[in-house]
Amino acid sequence: ERISRLAHHDALTGLFNRASLQSRLDQTLLAAQRDGKQVAVMFIDMDHFKTINDTLGHHIGDYMLIEVARRLLTIVRESDIVARLGGDEFVVVLAGIEAEFAVVTVAEKIVRVLGEPYFIDGHELHSSPSIGIGLYPNDGADGQVLMRNADTAMYHAKAQGRNNFQFFTAEMNAAATLRMKLEHDLRRALAENQLLLFYQPQVDAATGRLCGVEALVRWQHPEEGLVSPDSFIPFAEESGLILPLGEWVLDDACRQMAEWKAGGVAVPHVAVNISARQLRSHNLLEQVGTALTRHGLSPGELQLEITESTAMAEPEHAIALLRALRDLGVVLAIDDFGTGYSSLAYLKRLPIQILKLDLSFVKDIESDEDDAAICAATIALAHTLGIDVVAEGVETGAQRAFLADEHRCDMLQGYLFSRPVPAADIEKWLASQPRGL
């Protein structure tokens with residue numbers, strides 16, 4: 001075992017050595033080819049290491065390299081590869097990548113963590129990584145080409161002033177730069193109250209009366225103006241910023257609901273979307289309970305919407321959490337129903353009161369027989385299970401007639417009734433409705 005370990009691992013750091021890296025990288029690329037995934041090869045060189053090594057001695061340099069190796073292992077997953085090529089050169093291989101932004105997130109963390117001070121034998125040492133990144137399959141179909149291109153990108157990172165990462169392709173560098181700017185701007189938006197909520201009315205299909213509103217976040221960017229959620233919500237989900245963003249949306253929607261109540265504005269409930277990361281968060285239940293208590297909301301006045309695919313990703317966890325939320329008096333809805341891969345066995349176990357019929361089915365019910373059949377079947381299924389249905393994206397009178405008159409859909413939402421509007425306009429919308437609504 002010792003001979004085998006010496007053959008495959010670096011004697012100083014215990015990481016994989018060059019020979020072992022090559023064989024494992026080849027295996028990783030074969031798996032990625034089979035599964036249709038990407039692989040990222042990161043070539044890492046520690047800035048100014050030679051100066052530290054020459055000035056303070058090799059034993060100090062060795063201890064620093066051991067610490068670099070330890071820090072790298074804390075950043076990556078067990079399925080990833082960390083190797084030392086020799087000297088101060090390291091390689092990290094990220095396996096099974098689905099989105100390039102995941103690579104950006106890891107690279108940013110490596111830059112940050114390896115750039116923190118090193119305390120060795122009474123010395124406070126400072127270094128930073130220059131990282132070059134090559135992506136399979138775009139930047140090379142085999143390990144040797146990927147390594148060479150990642151090495152080239154690393155020298156570009158050195159030329160850019162060190163302490164940064166660069167992709168081999170200019171296009172990826174441009175995309176990474178835009179993403180970093182977006183993250184910086186979104187963090188600033190959270191800190192400087194640039195976010196605001198719009199509200200879209202939901203109406204009772206039989207009477208036309210307001211039965212609730214859905215809270216939808218908007219970003220008032222100081223340079224770009226009003227930014228739609230399609231431009232930043234997917235990024236927030238990928239980067240983890242969806243957690244502080246989602247917490248803010250939840251609290252502000254509850255605050256607005258309390259304000260409407262205090263002012264006598266007849267809004268029965270406010271609906272808030274919960275993301276996949278929020279549902280996996282260990283403190284969502286506590287956040288919801290705190291918001292309800294802080295703003296004095298009664299049972300039924302807060303509705304949480306969870307997408308079908310999110311709920312079905314970890315159904316047992318979702319069932320337990322949703323039951324706990326329902327015990328707090330929260331109304332629960334499955335959003336975008338019909339677009340995921342749900343199991344009816346789990347659907348009947350989820351403690352939900354509402355299904356939201358996705359607008360992708362609603363928009364073509366006048367011309368597409370399949371969409372019309374799906375809408376009709378979903379409404380019938382939900383009613384059989386004792387669940388109400390909200391149809392999203394209702395824009396025409398014919399859609400309204402099909403959903404409400406022919407198939408007894410319970411609630412409707414869409415541009416036929418109102419676009420999402422600022423909170424101040426909800427009272428005006430109510431006043432403009434027939435029968436004094």
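Use the structure listed above.
This report concerns the structure included in the present document. Please read these numbers as outputs of a predicted model, since none were measured by experiment.

## Notes on the overall build of the protein
Okay, step 1: Scanning the protein from terminus to terminus reveals 18 helices and 17 strands.
Okay, step 2: For the protein, the spread of C-alpha atoms along the three principal axes comes to 85 × 45 × 40 Å.
Okay, step 3: The buried share of the protein, taken over its 437 residues, is 51%.
Okay, step 4: By sequence separation, contacts in the protein at least 24 residues apart represent 67% of the contacts at least 6 residues apart.
Okay, step 5: Within the structure as shown, the protein displays about 20600 Å² of accessible surface, and the carbon and sulfur contribution to it stands at 51%.
Okay, step 6: Of the side chains in the protein, 38 bear a positive and 61 a negative charge, and the two mean positions are spaced by 4 Å.

## Let's talk about the packing of aromatic side chains
Okay, step 1: Evaluation of the coordinates by the stated rule reveals four aromatic pairs.
Okay, step 2: Centroid distance Phe165 to Phe167: 6.2 Å. Interplanar angle 85°. Geometry classified as edge-to-face.
Okay, step 3: Residue Phe167 is classed as buried on the basis of its relative accessible area, which comes to 1%.
Okay, step 4: Between Trp219 and Phe232, the aromatic rings sit 5.4 Å apart at their centres with planes inclined by 85°, giving edge-to-face as the arrangement. Placement of Trp219 in strand S9 (residues 210-221) and of Phe232 in the loop between strand S10 (225-227) and helix H8 (233-239) is noted, with a sequence separation of 13 residues between them.
Okay, step 5: Looking at Phe232, the relative accessible area reads 0%, which means it is buried.
Okay, step 6: Seen from the ring of Tyr118, Arg71 lies directly overhead, with NZ or CZ sitting 3.8 Å from the centre.

## What to know about the nonpolar core
Okay, step 1: Formed by 115 residues in total, the largest nonpolar core has its most connected members in Met42, Ile133, Tyr199, Leu302, Leu304, Leu403 and Leu412.
Okay, step 2: Discounting chain neighbours no more than four positions away, the residues touching Leu412 are Pro201, Gln202, Val203, Ala205, Ala391, Val394, Arg400, Leu403, Ala404 and Phe417.

## So, the pattern of salt bridges
Okay, step 1: This model, assessed by the stated rule, comprises 22 salt bridges.
Okay, step 2: The residue Glu214 makes a salt bridge to Lys356 at a minimum N-O spacing of 3.0 Å. Here Lys356 lies in strand S14 (residues 354-357) and Glu214 lies in strand S9, a separation of 142 residues in the sequence.
Okay, step 3: Among the salt bridges present, the one from Arg349 reaches Glu316, with a minimum N-O distance of 3.1 Å. Within this pair, whereas Arg349 is found in the loop between helix H14 (344-347) and S14, its partner Glu316 is found in helix H13 (residues 315-327), the two being separated by 33 residues in sequence.
Okay, step 4: On the basis of relative accessible area, Glu316 is assigned to the partly exposed category, the value being 44%.

## A few points about helix H17 (residues 397-406)
Okay, step 1: The complete set of buried residues in H17 reads Gln399, Phe402, Leu403 and Ala404. The arc that holds the buried residues of H17, viewed along the axis, is 165°, so those residues lie on one side. Opposite the buried face of H17, at more than 90 degrees from it, the exposed residues are Asp405 and Glu406.
Okay, step 2: Structurally, H17 contributes buried residues whose contacts are with S14, helix H15 (359-362), helix H16 (369-384), strand S15 (388-391) and strand S16 (411-412).
Okay, step 3: Just beyond H17, the residue with positive phi is Arg408, at close to 55°.

## Looking at the environment of Gln220
Okay, step 1: Tracing the backbone through its elements, the reader meets Gln220 in strand S9.
Okay, step 2: In this structure, the C-alpha to C-alpha distance between Gln220 and Gln194, residues 26 residues apart in sequence, is 5.2 Å.
Okay, step 3: Leave out the neighbours within four places in its chain, and Gln220 touches Gln194, Leu196, Gly225 and Leu226.

## Brief notes about the environment of Arg187
Okay, step 1: Residue placement: Arg187 occurs in helix H7 (residues 170-191).
Okay, step 2: For the pair Arg187 and Ala291, spaced 104 residues apart in sequence, the C-alpha to C-alpha distance is 22 Å.

## Regarding the sheet that holds strand S7 (residues 164-167)
Okay, step 1: Spatially, five strands are ordered S2-S3-S1-S6-S7 in an open sheet, and the strand pairing comes out mixed. Each end of this open sheet is capped by a strand with a single partner; those strands are strand S2 (81-86) and S7. For this sheet, the mean inter-axis angle between neighbouring strands, taken without regard to orientation, is 20°.
Okay, step 2: Relative to strand S3 (residues 89-97), S2 runs antiparallel, the two sharing five bridges. Residue pairing across strands places Val82 opposite Val92, the latter belonging to S3.
Okay, step 3: Contacts between helix H2 (residues 18-35) and the sheet are confined to strand S1 (38-46), S2, S3 and strand S6 (129-136), with S2 contributing the most and set at about 145° to the helix.

## Remarks on empty space enclosed by the protein
Okay, step 1: All chains considered together, the criterion is met by one cavity of 30 Å³ or more.
Okay, step 2: By volume, the largest cavity is sized at about 30 Å³.
Okay, step 3: Forming the boundary of the largest cavity are Leu243, Gln278, Ser281, Asn283, Leu284 and Gln287.
Okay, step 4: A breakdown of the residues in the lining of the largest cavity according to their chemical character gives two nonpolar, four polar and no charged.

## As for the packing of H2 against helix H6 (residues 143-159)
Okay, step 1: Running from amino to carboxyl end, H2 crosses H6 at an angle of 110°, the nearest separation of the two axes being 9 Å. In terms of orientation, H2 and H6 fall into the roughly perpendicular class. Contacts between H2 and H6 pair Leu21, Gln22, Leu25, Asp26 and Leu29 from the former with Gly143, Gln144, Leu146 and Met147 from the latter.

## Describing the side chain of Arg71
Okay, step 1: One can find Arg71 in helix H4 (residues 58-75).
Okay, step 2: Here the side chain of Arg71 touches Val113 through a polar contact of 2.9 Å, landing on its backbone oxygen.
Okay, step 3: When near neighbours in sequence (up to four residues on either side) are disregarded, Arg71 contacts Val113, Leu114, Glu116, Pro117 and Tyr118.

The rules we used
- Residues numbered from 1 in each chain as written.
- Predicted model: local features only at pLDDT ≥ 70, side-chain atom pairs only at ≥ 80, totals over all residues.
- Heavy atoms only, no water.
- Helix = DSSP H or I, 4+ residues; strand = E, 2+ residues; numbered from the N terminus.
- Buried < 20%, exposed > 50% of the residue type's maximum accessible area, 1.4 Å probe, protein only.
- Contact = heavy atoms within 4.5 Å.
- Areas by Shrake-Rupley, 256 points an atom, 1.4 Å probe, with all protein chains shown as cover.
- Lys, Arg positive; Asp, Glu negative; His and termini not counted.
- Charge placed at Lys NZ, Arg CZ, Asp CG, Glu CD.
- Phe/Tyr/Trp six-rings, centres within 6.5 Å; stacked < 30°, edge-to-face > 60°.
- Lys NZ or Arg CZ within 6 Å of the ring centre and 35° of its normal.
- Core = buried A, V, L, I, M, F, W, Y, C linked by side-chain atoms within 4.5 Å.
- Salt bridge = Lys/Arg side-chain N within 4 Å of Asp/Glu carboxyl O.
- Arc of directions from axis to C-beta.
- Pairing = 2+ DSSP bridges.
- Axes fitted to C-alpha atoms, helices over the stretch in contact; angles between N-to-C directions.
- 1 Å grid on protein atoms, 1.4 Å probe; cavity = no way out; pocket = protein on both sides within 12 Å on 5 of 7 lines; lining within 4 Å.
- Points joined across faces, edges and corners; volume = space filled by probe spheres on them.
- Nonpolar A, V, L, I, M, F, W, Y, C, P; charged D, E, K, R; others polar.
- Parallel < 35°, antiparallel > 145°, perpendicular 65-115°, else oblique.
- Polar contact = N/O pair within 3.5 Å; in protein donor to acceptor, adjacent residues only side chain to side chain.

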